[in-house]
Amino acid sequence: MPPSLRQRLAALSLAPSFPSTPLGTAGPNSLTGSRKSFVPPWKRGSSHVAGNEPGEKERVKELMGKVIFQAGVDYETRPMVIMCASALPDPQAVSYDSLLSCIMSYLDLYVESDYTVVFFAAGAKHIPSWNWIWRAYRSLSRKYRKNLKRLYIVHSSFFSKMLFSLAGAVISPKFFRKIVYINTLSDLAHHVPLTQIDITAEVYKENLKYEKEVTMPIPIRASLFGVPLEELMGYDGEKDSIPRVVKDAIQYIRESGLNEEGLFRRSPSSSLLKQVQEAYDRGQVVSLPTFDDPHLASVLLKKYLRDLPDPVFPETIYPIIRQCPMPSEDPTDMSTIIYIRDTLFPQLKPCVYILLSHILQLLHEVSLHSASNRMDARNLAIVICPNLVKGSNPLKDVTICAVPGDSTHENNFAPPVSDASQAASFGSPVSNGSASEGKTTLGAILVLCIQRYYEIFDEVQDRSEPVRPSPRRFSRSVSPPAPSSPSAISTFGSKASRPLSLSMDDEDSVDDAMLVMPIGPNANTASPLSAGEDSAKDVPSNGMTTFPYQPRQRKVVLGGEE
């Protein structure tokens with residue numbers, strides 16, 4: 001007896017996305033009776049159905065985070081589920097049956113109560129077949145359709161409009177009334193909290209066809225770009241960690257962009273760069289890996305530095321930069337490093353120093369991959385230095401950013417000593433002494449900071465993270481300067497010349513005799529060790545048996561106490 005019409009429709013709904021046996025013939029996908037609920041083929045033990053290949057589940061799980069994800073709640077506190085057509089994979093590479101099963105399992109987390117779905121239809125490279133769409137709709141039981149309160153379709157295409165119109169007119173007119181078509185992201189912001197959605201690059205590109213800028217229902221002040229660093233981090237970095245855009249860019253470049261050729265030199269799409277910058281300023285969720293462009297992350301980092309109201313290196317410290325000893329190619333020469341660490345960097349605000357240390361550490365890691373990305377320390381200094389200065393005279397800024405050396409020297413920018421005449425023409429730092437004083441540039445200093453990062457920067461404790469116990473480094477001195485001496489006053493009393501690391505242990509430097517509390521009328525004049533003969537033997541021979549009280553002075557440690 002041939003199968004009835006109901007059986008043929010049921011068999012059609014169970015057919016896989018790929019070609020299978022004809023209807024009515026015996027096979028693993030045929031159905032001889034009616035059914036009440038959808039039973040996926042892979043649950044029935046089929047051996048040749050697509051989706052059972054090795055690694056299929058891993059590929060589907062990897063795509064699930066891009067195809068469907070939750071983005072907070074809408075204005076009525078209903079869970080908001082986001083679906084992106086641009087993330088749909090090639091049906092020849094991934095089984096859509098397995099993908100449908102994972103999508104249904106994900107929706108099961110929300111369908112027991114009211115929920116909202118936002119579907120971004122733009123940028124789809126692969127369109128599922130009508131057969132799969134029909135089975136996907138039949139897989140939605142009443143609980144999925146009943147508790148779905150709104151379905152927002154953003155940037156709908158002709159295919160999506162025709163699909164949902166057909167579903168509403170033929171299958172369920174009540175479901176059709178829940179659909180809302182959205183043309184721009186600005187319109188979407190009136191219906192759902194836009195800042196909670198991680199929008200992909202394809203959606204931004206499609207949105208540029210309809211509007212140049214995303215406007216919010218309530219104007220929002222820029223929260224990152226162009227905002228003073230002290231307002232975001234605090235003067236000492238006590239408010240927060242480094243800005244979010246800097247942290248995201250550094251993390252993404254470390255994970256995926258260290259080998260990208262021309263990193264920090266090439267530019268991404270200017271329109272996309274503007275969209276991402278505005279998203280950060282709106283406080284929107286931004287995931288740089290979804291854009292898959294390390295150049296976008298590197299240019300975002302440079303633009304943030306360039307837009308700071310106060311530059312990293314203000315014009316007032318240009319003379320201090322000029323007085324820095326010229327770097328040499330001798331790895332044992334520490335004069336420049338000591339000057340940078342103890343004289344130049346203490347002129348920076350603590351929050352600026354923290355930000356600069358993170359950026360230069362990233363540039364150091366990029367330079368270690370110069371064989372593949374072709375960005376050595378010199379090339380990185382050339383592209384990053386102009387973003388760190390912003391003086392009143394552009395000519396001075398250009399001069400202070402000059403990077404000496406030849407591009408053929410990848411490890412050290414100073415040419416060989418034998419080529420002294422050629423070094424002089426480039427302004428290369430091969431000579432020491434008075435001849436090189438006042439000629440050092442910020443570009444030369446940055447090259448050295450990138451090459452010898454760990455010799456210049458001490459570990460900076462991030463106040464937003466838990467303090468990890470670590471052994472302190474001590475340097476004991478035989479005769480420390482007296483507190484009343486001029487050297488001690490300049491060392492301990494000057495805030496501008498603060499050291500950047502702890503170099504003395506206050507606890508170990510206190511003598512045991514100082515821990516004895518003197519008692520009696522002569523407590524202020526008598527030595528605490530004069531009470532016994534054995535103690536008298538330990539009195540120093542220099543006659544200094546009494547010590548006037550002096551408050552302990554601790555060197556400043558960034559991220560610690562003073």
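Residues take numbers from 1 onward in each chain, read along the sequence in its written order. With pLDDT at 70 or above as the cut-off, local features in this predicted model cover only qualifying residues; side-chain atom pairs require 80 or more to be listed or tallied, and sums for whole chains, interfaces and linings still use all residues. Note that water and hydrogens are dropped before the side-chain values are worked out from all heavy atoms of the structure.

Undergrad: It is not clear to me how the pairing of strand β1 (residues 68–73) should be interpreted in this structure. Could you clarify?
TA: Both faces of the sheet carry side chains from a regular strand, because those side chains alternate between them. Each pair of strands is called paired provided DSSP finds at least two bridges between the two strands. Each helix is a run of DSSP H or I of at least 4 residues and each strand a run of E of at least 2, with the numbering of both proceeding from the N terminus. As judged from the four bridges shared by β1 and strand β2 (residues 79–84), these two strands associate in the antiparallel manner. Residue pairing in the sheet places Gln70 in a bridge with Val81 of β2. Linking β1 to β2, which pair antiparallel, is a turn of five residues; within it Thr77 sits at a positive phi near 60°.

Undergrad: Sorry if this is basic, but what is going on with helix α12 (residues 270–281) here?
TA: In an α-helix there are 3.6 residues to a turn, and that puts residues three or four apart on one side. Helix length check: α12, at 12 residues, gives a terminal C-alpha distance of 17 Å against a target of 16 Å (1.5 Å per residue), a fit within 8%. Working definition: with a 1.4 Å probe on protein chains only, accessible area under 20% of the residue-type maximum means buried, over 50% means exposed, and in between means partly exposed. Among the 12 residues that make up α12, nine are buried, leaving the element largely enclosed by the rest of the structure. Along α12, the positions that sit buried rather than exposed are Leu272, Leu273, Gln275, Val276, Gln277, Glu278, Ala279, Tyr280 and Asp281. Residues of α12 that are buried in the fold lie against α9 (201–207), α11 (244–257) and α13 (294–306). Directly after α12, the chain includes Gly283, whose backbone phi takes a positive value near 80°. Working rule for helices: expected span equals 1.5 Å times residues minus one. Contacts are assigned to residue pairs with any non-hydrogen atoms lying within 4.5 Å of each other.

Undergrad: I'm lost on the packing of aromatic side chains in this one. Help?
TA: What counts as a ring pair is set by centres within 6.5 Å for rings of Phe, Tyr and Trp (its six-membered ring), and what kind of pair is set by the plane angle: stacked under 30 degrees, edge-to-face over 60, tilted for all other angles. Evaluation of the coordinates by the stated rule reveals eight aromatic pairs. When the ring of Tyr204 is compared with that of Phe291, the centres are 6.2 Å apart and the planes differ by 15°; the resulting orientation is stacked. Pair noted here: Tyr204 is in helix α9 and Phe291 is in the loop between α12 and α13, with a separation of 87 residues, a long-range link. The exposure class of Tyr204 is buried, given its relative accessible area of 2%. Where Tyr453 meets Phe457, the ring centres are 4.8 Å apart and the plane angle is 20°; that geometry is what we call stacked. When sorted by exposure, Tyr453 lands in the same class as Phe457, which is buried.

Undergrad: Explanation requested: unusual backbone geometry in the structure shown.
TA: Across the chain, the bulk of peptide bonds are trans and the bulk of non-glycine residues have phi less than zero. Phi is positive for Thr77, close to 60°, though the residue is something other than glycine. Considering the arrangement of structural elements, one finds Thr77 in the loop between β1 and β2. One non-glycine residue, His155, lies in the positive phi region at around 55°. Of note, His155 is situated in the loop between β4 (148–154) and α6 (158–171). Its relative accessible area of 4% is what places His155 among the buried residues.

Undergrad: Can you walk me through the pairing of β4 in this structure?
TA: Most of β4 is tucked away, with five of its seven residues classed as buried. Pairing geometry for strand β3 (residues 115–120) and β4, over six bridges, is parallel. Within β4, the position partnered with Val118 by the bridge is Tyr152. As defined by bridge partners, β4 adjoins strand β5 (residues 179–182) across four bridges and the pair is classed as parallel. Directly across from Ile153, in β5, lies its bridge partner Tyr181.

None of the figures reported here should be taken as evidence of function without further support.
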